[in-house]
Amino acid sequence: MYKAWAFLLIAAGFEAAWTYSLKKVSLSSIKYAITENPFFSMTVGKEIGYLLIYLGLGGANIFFLSLSLKSIPLTLAIASWTAISLIFIKLFDILILKTPTNSLEIFFLTLIIVGIVGLKFSSPN
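Conventions used here
Residues numbered from 1 in each chain as written. Predicted model: local features only at pLDDT ≥ 70, side-chain atom pairs only at ≥ 80, totals over all residues. Heavy atoms only, no water. Helix = DSSP H or I, 4+ residues; strand = E, 2+ residues; numbered from the N terminus. Expected span 1.5 Å × (residues − 1). Polar contact = N/O pair within 3.5 Å; in protein donor to acceptor, adjacent residues only side chain to side chain. Patch = residues over 30% accessible without salt bridge, like charges linked within 9 Å, V, L, I, M, F, W, Y side chains within 5 Å. Areas by Shrake-Rupley, 256 points an atom, 1.4 Å probe, with all protein chains shown as cover. Salt bridge = Lys/Arg side-chain N within 4 Å of Asp/Glu carboxyl O. Buried < 20%, exposed > 50% of the residue type's maximum accessible area, 1.4 Å probe, protein only. Contact = heavy atoms within 4.5 Å.

Some remarks on helix H5 (residues 103-122)
Moving on, step 1. Taking 1.5 Å per residue as the helical rise, H5 with its 20 residues ought to reach 28 Å, and the 28 Å between its terminal C-alpha atoms agrees with that figure.
Moving on, step 2. Where H5 begins, the capping side chain belongs to asparagine 102, and its oxygen is found 3.0 Å from the backbone nitrogen of leucine 104.

Here it is, written out as C-alpha coordinates:
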(Lines give C-alpha, C1' and ligand atoms only; values in the text may rest on other atoms or scores of the structure.)
Protein backbone atom coordinates (compact mmCIF):
# COMPACT_ATOMS: atom_id res chain seq x y z
CA MET A 1 0.00 0.00 0.00
CA TYR A 2 2.88 2.40 0.75
CA LYS A 3 4.26 1.75 -2.71
CA ALA A 4 0.98 2.97 -4.26
CA TRP A 5 1.17 6.17 -2.20
CA ALA A 6 4.79 6.65 -3.29
CA PHE A 7 3.62 6.31 -6.91
CA LEU A 8 0.91 8.89 -6.20
CA LEU A 9 3.49 11.34 -4.80
CA ILE A 10 5.72 10.80 -7.83
CA ALA A 11 2.72 11.36 -10.13
CA ALA A 12 1.88 14.59 -8.28
CA GLY A 13 5.48 15.75 -8.69
CA PHE A 14 5.32 15.09 -12.44
CA GLU A 15 1.94 16.86 -12.57
CA ALA A 16 3.45 19.95 -10.94
CA ALA A 17 6.44 19.89 -13.32
CA TRP A 18 4.09 19.35 -16.28
CA THR A 19 2.06 22.37 -15.18
CA TYR A 20 5.17 24.57 -15.25
CA SER A 21 6.20 23.15 -18.62
CA LEU A 22 2.99 24.62 -20.06
CA LYS A 23 4.64 28.04 -19.80
CA LYS A 24 7.36 27.02 -22.25
CA VAL A 25 5.33 25.15 -24.88
CA SER A 26 3.73 27.19 -27.63
CA LEU A 27 2.45 25.57 -30.80
CA SER A 28 2.59 28.90 -32.60
CA SER A 29 6.27 29.24 -31.61
CA ILE A 30 6.96 25.75 -32.93
CA LYS A 31 5.17 26.55 -36.19
CA TYR A 32 7.03 29.85 -36.55
CA ALA A 33 10.40 28.21 -35.77
CA ILE A 34 9.83 25.49 -38.34
CA THR A 35 8.63 27.84 -41.10
CA GLU A 36 11.26 30.54 -40.55
CA ASN A 37 14.36 28.42 -39.78
CA PRO A 38 16.08 25.35 -41.17
CA PHE A 39 14.63 22.22 -39.56
CA PHE A 40 17.90 21.26 -37.85
CA SER A 41 18.51 24.71 -36.39
CA MET A 42 18.95 25.55 -32.73
CA THR A 43 15.66 27.49 -32.65
CA VAL A 44 13.61 24.56 -33.95
CA GLY A 45 15.46 22.16 -31.66
CA LYS A 46 14.70 24.29 -28.62
CA GLU A 47 10.98 24.50 -29.40
CA ILE A 48 10.74 20.77 -30.19
CA GLY A 49 12.67 20.06 -26.98
CA TYR A 50 10.11 21.99 -24.92
CA LEU A 51 7.34 19.99 -26.58
CA LEU A 52 9.09 16.67 -25.87
CA ILE A 53 9.64 17.62 -22.23
CA TYR A 54 5.98 18.58 -21.95
CA LEU A 55 4.86 15.25 -23.45
CA GLY A 56 7.32 13.26 -21.32
CA LEU A 57 6.21 14.88 -18.07
CA GLY A 58 2.55 14.34 -18.95
CA GLY A 59 3.18 10.72 -19.84
CA ALA A 60 5.17 10.04 -16.66
CA ASN A 61 2.43 11.72 -14.64
CA ILE A 62 -0.28 9.46 -16.08
CA PHE A 63 1.93 6.35 -15.85
CA PHE A 64 2.60 6.77 -12.12
CA LEU A 65 -1.00 7.78 -11.43
CA SER A 66 -2.21 4.61 -13.16
CA LEU A 67 0.16 2.52 -11.00
CA SER A 68 -1.23 4.09 -7.84
CA LEU A 69 -4.83 3.49 -8.96
CA LYS A 70 -4.24 -0.26 -8.82
CA SER A 71 -4.24 -0.12 -5.00
CA ILE A 72 -5.83 3.18 -3.98
CA PRO A 73 -9.58 3.78 -4.50
CA LEU A 74 -10.23 6.09 -7.45
CA THR A 75 -11.88 8.97 -5.59
CA LEU A 76 -9.22 9.00 -2.88
CA ALA A 77 -6.38 8.81 -5.41
CA ILE A 78 -7.69 11.59 -7.66
CA ALA A 79 -8.51 13.91 -4.76
CA SER A 80 -5.10 13.32 -3.17
CA TRP A 81 -3.22 13.60 -6.48
CA THR A 82 -4.87 16.92 -7.28
CA ALA A 83 -4.32 18.33 -3.80
CA ILE A 84 -0.70 17.19 -3.56
CA SER A 85 0.00 18.63 -7.02
CA LEU A 86 -1.45 21.94 -5.90
CA ILE A 87 0.72 21.92 -2.78
CA PHE A 88 3.84 21.15 -4.84
CA ILE A 89 3.03 23.99 -7.25
CA LYS A 90 2.48 26.46 -4.41
CA LEU A 91 5.66 25.39 -2.60
CA PHE A 92 7.62 25.80 -5.85
CA ASP A 93 6.15 29.29 -6.23
CA ILE A 94 7.11 30.22 -2.67
CA LEU A 95 10.53 28.55 -2.40
CA ILE A 96 11.93 28.80 -5.94
CA LEU A 97 10.11 31.67 -7.63
CA LYS A 98 9.98 33.71 -4.40
CA THR A 99 6.30 34.56 -4.88
CA PRO A 100 5.02 36.57 -1.93
CA THR A 101 2.65 34.67 0.34
CA ASN A 102 0.70 35.34 3.49
CA SER A 103 -0.44 33.46 6.55
CA LEU A 104 -3.91 32.84 5.10
CA GLU A 105 -2.42 30.96 2.13
CA ILE A 106 -0.32 28.86 4.49
CA PHE A 107 -3.40 28.19 6.63
CA PHE A 108 -5.42 26.98 3.65
CA LEU A 109 -2.54 24.84 2.35
CA THR A 110 -2.45 23.27 5.81
CA LEU A 111 -6.19 22.55 5.53
CA ILE A 112 -5.56 20.78 2.22
CA ILE A 113 -2.88 18.63 3.87
CA VAL A 114 -5.21 17.85 6.79
CA GLY A 115 -7.90 16.90 4.26
CA ILE A 116 -5.57 14.51 2.43
CA VAL A 117 -4.48 12.84 5.67
CA GLY A 118 -8.12 12.64 6.79
CA LEU A 119 -9.13 10.99 3.52
CA LYS A 120 -6.27 8.53 3.78
CA PHE A 121 -7.08 7.42 7.31
CA SER A 122 -10.86 7.35 6.85
CA SER A 123 -10.65 5.23 3.70
CA PRO A 124 -11.75 1.59 4.12
CA ASN A 125 -8.49 0.40 2.45
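Description of a nonpolar patch on the surface
Moving on, step 1. Among the surface-exposed residues, Leu9, Phe88, Leu91, Phe92, Leu95, Ile96 and Leu97 lie close enough to one another that they form a single nonpolar patch of about 620 Å² accessible area.
Moving on, step 2. Owing to a relative accessible area of 55%, leucine 95 belongs among the exposed residues under this scheme.

Structural notes on helix H3 (residues 42-68)
Side chains three or four residues apart in an α-helix point the same way, a direct result of the helix having 3.6 residues per turn.
Moving on, step 1. In this model H3 runs 39 Å from its N-terminal to its C-terminal C-alpha over 27 residues, within 8% of the 39 Å that 1.5 Å per residue would give.
Moving on, step 2. Every buried residue of H3 is accounted for by Val44, Glu47, Leu57, Gly58, Ala60, Asn61, Phe64, Leu65 and Ser68.
Moving on, step 3. Against helix H1 (2-21), helix H2 (27-36) and helix H4 (74-95) lie the buried residues of H3.

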